[in-house]
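# Summary of structural features
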Amino acid sequence: MNAAHHAVRLPTKPGRLVDNVMGFARLLRRAGFALGQDRLQLALQALAAAGLHSRADFQATLAACFLSRPDQQALFDEAFNLYWRVPEGLAALGLAPPAEAGHTADATAPPMSQRLAAAMYGQQPALPGTPSLREPDTQAQAASPTEQLRHTDFQSMSADEWAQARQLIQALTLLLLAPLRTRRAQPARQAGTPDWRASLRALARQGDAAPMRWRRPVHRPAPLVLLADVSGSMSRYTRMLLHFAHALGNSGARVHSFVFGTRLTPISRSLAQRDPDVAVAQIAQQVQDWSGGTRITASLHDFNLHWSRRVLGGQATVLLITDGLEHGDTTRLAFEMERLHKSCRQLLWLNPLLRYSRFEPKAAGIRAMLPHVDRFLPVHDLASLEGLAQVLLKRT
C-alpha cells in the first residue's frame, strides 16, 4: 500500500476533528469501553500536542488515551479502521463523516465482532461482509436466548445483552438470600418456645383463664460485605457486580459495599439510589482510581483497620471480587487476607480468571490469597452468579 492509503482523512476545519473524535469515543462506549469525559479531554489534548502526521500516529495517540487493558487492543483497532475509513459508519451514528473521506467498505475485510456490530448498527448489519449478530450454529439454534445469555461473558456482551443481564440479576436476587436465624425472639401464635415473662403478665391481668404465650426466633437476611476491584482488568466485571449489589440492597439484604483500585472507597450510600444506572454512574464519577492500577494489600489493610469492626458484625459474608494480580512482596497480602478471613463468617473469592479452563494459580498474589478463602468461584457470566447464589443459600 502507498503512503496515501495510510494517511488519515482529517477534517479541514478544527471543529470537525473534535466532533469526530467524540463520535469515535461514543462508538467505543457502545462497544463496552469504559470511557469518561476525562479520557476524551485527554485524547484531544494529546492530539494537539502530538500533531497529526500519519494514520499510525493518530491511531496510537487515541489508543494510548482510550485503552485500559491490552486485551482491548484488537477491538479498538477494528473500530478505528471501521470508523475512520467508512463514511457509512459515521452516518450510522448520526455524525458527519471526516472531510475528504472517500473510502468504501472492503468486501474482503473480515467480519466485525459481535460487540462492534451491535454498537455500530444495532441488530441490522449495514456493511458488506458484516454478519448477523448471532452465528447460525446448531447449538445456538437449540438453546434459548436466555440460556445463551446465561453463558455470555460480561466482557463480550453487547449493549442489549448487558441490559437484559441486569434485568435477570434483579429477578435472581429475589430468591438469593435465605433468612438467617438470630438470637432475638418475637411473639408467636403457634405453640413452640414458651414466653414465660409474657405468660406471667397475662396471668396477673386475667387470672387462670389467661392463655399460654409463645415466642419464636427472629430471622433476618444474612449480611453481605462487597469488596470489588475496579482496576483496569476488572472494571467491566465489577460494574455488573455493582448492579448485583444494588439489587441485593433493594431486596432487603443488609449490604455494605466497597470498591478499591489504588485506594479503598465506601460506596454504600451511592448504591442507595433507586435507579441502578444512576447509582453506578455516580460511583464511577466518585471513584478517582476507576479503571486504573490496583493495590490489593493496601486496600485490604485499610478495610481491616478502619471498617472491619463496623460492618463485619452479625455473621457477615464477604464477597471479594478481584483477579488477585498483586505486584511486589505478597507476605503482607497473606497477612491481611488471614485477618479478614478470621473477622467474617465466610470469605468467598470471586475471580473472573476462572473462566479459563486451563487456569492455574501461578501468580504470587493468587497463591498468597487462596489459603485464606472458604470458596474460590468464577464471576464472569450470569451462570456463575447463579452458582454464587446456590453457595450463599447453602451457607445461610
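Note: the structure precedes this text.
Here we summarise the structure given alongside this text.

Across the interface, helix α14 (residues 296-306) lies against helix α16 (residues 331-343) with an axial gap of 9 Å and an inter-helix angle of 35°. Here α14 and α16 pass one another in a crossing that is left-handed. Of the residues in α16, those in contact with Ile296, Thr297, Leu300, His301, Phe303, Asn304 and Leu305 of α14 are Arg332, Leu333, Glu336, Met337, Arg339 and Leu340. Looking at the contact of α14 with α16, its residues break down into seven nonpolar, three polar and three charged.

The next point concerns the packing of aromatic side chains. Following the criterion strictly, the structure yields ten aromatic pairs and no others. Ring plane angle 45° and centroid distance 6.2 Å describe the contact between Phe24 and Phe66, whose orientation is recorded as tilted. With Phe24 in helix α2 (residues 14-30) and Phe66 in helix α4 (residues 55-66), the pair connects residues that are 42 residues apart, well separated along the chain. Taking 5.3 Å as the distance between ring centres and 80° as the angle between the ring planes, the aromatic pair formed by Phe258 and Phe303 counts as edge-to-face. With Phe258 in strand β5 (residues 255-260) and Phe303 in helix α14, this pair connects stretches of sequence that are 45 residues apart.

Spatially, the six strands line up as an open sheet ordered β6-β5-β4-β7-β8-β9, and their pairing is mixed. Each end of this open sheet is capped by a strand with a single partner; those strands are β6 (264-266) and β9 (375-377). Pairs of neighbouring strands in the sheet enclose a mean axial angle of 20°, with direction left out of account. Here strand β8 (residues 346-350) pairs with β9 via three bridges, running parallel. The residue of β9 that forms the bridge with Trp349 is Phe376.

Basis of the calculations
Residue indices begin from 1 for each chain and proceed along its sequence in written order. In view of the model being predicted, local features appear only for residues whose pLDDT reaches at least 70, and side-chain atom pairs are presented and counted only at 80 or more, with totals across whole chains, interfaces and linings using the full set of residues. Processing note: side-chain calculations cover all non-hydrogen atoms of the structure and skip hydrogens and water entirely. In this description, a line fitted to the C-alpha atoms serves as the axis of each element, helices being fitted only across the stretch in contact, and the angle between N-to-C directions of two axes falls anywhere from 0 to 180 degrees. Starting at the N terminus, helices and strands are each numbered in turn, a helix being any DSSP run of H or I of at least four residues and a strand any DSSP run of E of at least two. Each crossing gets its hand from how the near helix is turned against the far one by less than a right angle, where anticlockwise is left-handed and clockwise is right-handed. Residue contacts are counted whenever heavy atoms from the two residues lie within 4.5 Å of one another. Gly is placed with the polar residues, together with every amino acid not listed as nonpolar (Ala, Val, Leu, Ile, Met, Phe, Trp, Tyr, Cys and Pro) or charged (Asp, Glu, Lys and Arg). A pair of aromatic rings is counted whenever rings of Phe, Tyr or Trp (Trp by its six-membered ring) have centres within 6.5 Å, and the orientation is called stacked for planes under 30 degrees apart, edge-to-face for over 60 and tilted otherwise. Each pair of strands is called paired provided DSSP finds at least two bridges between the two strands.

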